[in-house]
Amino acid sequence: QVQLVESGGGLVQAGGSLRLSCAASGRTFSRYAMGWFRQAPGKGREFVAGINWSGSITRYADSVKGRFTISRDNTKNTVLLQMNSLKPEDTAVYYCAADPAGVVTYEYDYWGQGTQVTVSS
């Protein structure tokens, strides 16, 4: 089992950048695929980015391709989401997720509590 804690959210102007961090507990972090999702007010949760256990494979939602970058450091049990060129429509609660299968997926077993990202126009 793994526990996830997100940080790095906040308020930023359109065009700005934020870096989200997800700290994971557990000695088997390096075996997990990791993902970022987001949920805007009144909308369902949507996939943002995913990375496989080794970091060699990533996947992004079309809406964030070229602007967001997911990465991981298995020595620090951390996954990052670098968000550049932020838009007001990126405003949402962002969630970190983990899946023991290790491959990039849209379905995850473990979830963090979320961190708020607000982009002002």
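Residues numbered from 1 in each chain as written. Predicted model: local features only at pLDDT ≥ 70, side-chain atom pairs only at ≥ 80, totals over all residues. Heavy atoms only, no water.

(A) Layout of the nonpolar core. In terms of nonpolar packing, the biggest core is built from 30 residues, with M34, W36, L81, M83 and Y94 touching the most fellow members. Taken together, the elements giving at least two residues each to this core come down to strand 3 (18-24), strand 4 (33-39), strand 5 (45-51), strand 7 (68-73), strand 8 (78-83), strand 9 (92-99) and strand 11 (115-120). If sequence neighbours within four positions are ignored, Y94 has contacts with E6, L20, W36, F37, R38, V48, F68, L81, M83, G114, T115 and V117. (Core = buried A, V, L, I, M, F, W, Y, C linked by side-chain atoms within 4.5 Å. Buried < 20%, exposed > 50% of the residue type's maximum accessible area, 1.4 Å probe, protein only. Helix = DSSP H or I, 4+ residues; strand = E, 2+ residues; numbered from the N terminus. Contact = heavy atoms within 4.5 Å.)

(B) Spotlight on the environment of R72. Tracing the sequence through the fold places R72 in strand 7. Residue class for R72 comes out buried when judged on its relative accessible area of 14%. Separated by 18 residues in the primary sequence, R72 and S54 have C-alpha atoms spaced 8.3 Å apart. Not counting the four nearest positions on each side in its chain, R72 is found in contact with F29, S30, Y32, A33, M34, I51, N52, W53, S54, G55, T78 and V79. Engagement of the side chain of R72 in a polar contact is seen with the backbone oxygen of N52, the distance being 2.7 Å. (Polar contact = N/O pair within 3.5 Å; in protein donor to acceptor, adjacent residues only side chain to side chain.)

(C) Expanded view of the state of the cysteines. For the coordinates displayed, the defined rule picks out one disulfide. Each disulfide pairs two cysteine sulfurs, and for C22 the partner residue is C96, the sulfurs being separated by 2.1 Å. Negative torsions about the S-S bond denote left-handed disulfides, and the value of about -80° found for C22 with C96 makes this one left-handed. Linking C22 in strand 3 with C96 in strand 9, this pair joins segments that are 74 residues apart in sequence. The two residues C22 and C96 agree in class, both being buried. (Disulfide = S-S within 2.5 Å.)

Bear in mind that shape data such as this cannot, by itself, settle questions of function.
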